[in-house]
Amino acid sequence: LTTQPVDASGMITGTGDPNLDGPVTDAVEMMHRLGHSQRARQAFIRHLFRYLMGRNEMLSDSQTLIAAEQAYLENDGSFKALVVSLLSSDSFLYRR
């Protein structure tokens, strides 16, 4: 058997964020770029909110999402702090 080099390059497109969109040389670069993206972080928090609440977010949930992101950032990206923030929010406690 002969080996062939792997072309792991790719492109991030369609995010609407010029700092995020563009070519990447490999999966590691892609993960670093996504990991440092505010947009990706907010999407992650929004999807966790939807999972825990069992519904999409509404305008009245904006303070919950802001507080969850602050808790996440203040605790160095702690998933536990994020979950605690969401589960102790008014949006969860008084969910419909």
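It should be noted that the structure appears before, not after, this text.
Every value quoted in this text rests on a predicted model; they were computed, and no experiment measured them.

J.: Explain the packing of helix H2 (residues 38–53) against helix H3 (residues 62–74) here, please?
T.: Packed helix pairs are specified by the crossing angle of their axes together with the interaxial distance, meaning the distance between the axes. Between H2 and H3, the shortest axis-to-axis distance is 10 Å and the interhelical angle comes to 120 degrees. Relative to H3, the element H2 lies oblique. Between H2 and H3 the crossing geometry is right-handed. For the pair formed by H2 and H3, the contact residues are Gln 38, Arg 41, Gln 42, Ile 45, Arg 46 and Phe 49 on the first element and Thr 64, Leu 65, Ala 68, Glu 69, Tyr 72 and Leu 73 on the second. Across the contact of H2 with H3, the residue classes break down as six nonpolar, three polar and three charged.

J.: Which parts of the structure should I look at to understand the pattern of salt bridges?
T.: Oppositely charged side chains are able to pair whenever their charged atoms sit close together. Per the stated rule, a full pass over the model turns up five salt bridges. Across the pair Glu 69 and Arg 41 runs a salt bridge whose closest N-O atoms are separated by 2.9 Å. Taken together, the residues span a long stretch of sequence, with Glu 69 in helix H3 and Arg 41 in helix H2 at a distance of 28 residues. Pair check on accessibility: Glu 69 and Arg 41 agree, each one buried. For Glu 57, the salt bridge goes to Arg 50, with nearest N and O atoms at 2.7 Å. On the basis of relative accessibility, which here comes to 23%, the residue Glu 57 falls in the partly exposed class. What you see here is one network of salt bridges that share partners, running through Arg 46, Arg 50 and Glu 57.

J.: In this structure, what is going on with helix H4 (residues 79–87)? I would like to understand it.
T.: Structurally, the α-helix is built with 3.6 residues per turn, so residues lying three or four positions apart point the same way. Those residues of H4 lying buried are Ala 81, Leu 82, Val 83, Ser 85 and Leu 86. Residues of H4 that are buried make contact with H2, H3 and helix H5 (90–93).

J.: I would appreciate a short explanation of H2 in the present structure.
T.: In a regular helix each residue adds 1.5 Å, so 16 residues correspond to 22 Å; H2 covers 22 Å between its end C-alpha atoms and thus fits that length. The complete set of buried residues in H2 reads Arg 41, Ile 45, Leu 48, Phe 49 and Met 53. Across the axial projection of H2, the buried residues extend over an arc of 120 degrees, all falling on one side. Check the buried side of H2 and you find it contacts H3, H4 and H5. The opening residue of H2 is Ser 37, an N-cap whose side-chain oxygen sits 3.2 Å from the backbone nitrogen of Arg 39. Count one or two residues on from H2 and you reach Gly 54, which has phi positive near 75 degrees.

Cut-off values and rules
All chains use their own residue numbering, which begins from 1 and follows the written sequence. At least 70 in pLDDT is required for a residue's local features to be given in this predicted model, at least 80 for side-chain atom pairs to be given and counted, and no such filter applies to totals for whole chains, interfaces and linings, which use all residues. To obtain the side-chain values, all non-hydrogen atoms of the structure were included, while hydrogens and water were left out. Note on geometry: axes are lines fitted to C-alpha atoms, helical ones only across the stretch in contact, with angles between N-to-C directions running from 0 to 180 degrees. Strands are runs of DSSP state E lasting at least two residues, helices are runs of H or I lasting at least four, and both sets are numbered from the N terminus onward. Small angles under 35 degrees read as roughly parallel and large ones over 145 as roughly antiparallel, with 65 to 115 read as roughly perpendicular and the rest as oblique. Take the far helix as your reference; a near helix turned counterclockwise from it by less than a right angle gives a left-handed crossing, and one turned clockwise gives a right-handed crossing. Residue contacts are counted whenever heavy atoms from the two residues lie within 4.5 Å of one another. The residue classification treats Ala, Val, Leu, Ile, Met, Phe, Trp, Tyr, Cys and Pro as nonpolar and Asp, Glu, Lys and Arg as charged. All others, Gly included, are polar. We define a salt bridge as a contact between a side-chain nitrogen of Lys or Arg and a carboxyl oxygen of Asp or Glu at a distance within 4 Å. When accessible area is computed with a 1.4 Å probe and restricted to protein chains, residues below 20% of their type maximum are described as buried, those above 50% as exposed, and intermediate ones as partly exposed. Helices are assigned an expected span. That span is 1.5 Å times one less than the residue count. The arc in question is traced by the directions running from the helix axis to the C-beta atoms. In protein, a polar contact means a hydrogen-donor-capable atom and an acceptor-capable atom, both N or O and within 3.5 Å, with residues adjacent in sequence counting only if both atoms are side-chain atoms; elsewhere, any N or O pair within 3.5 Å suffices.

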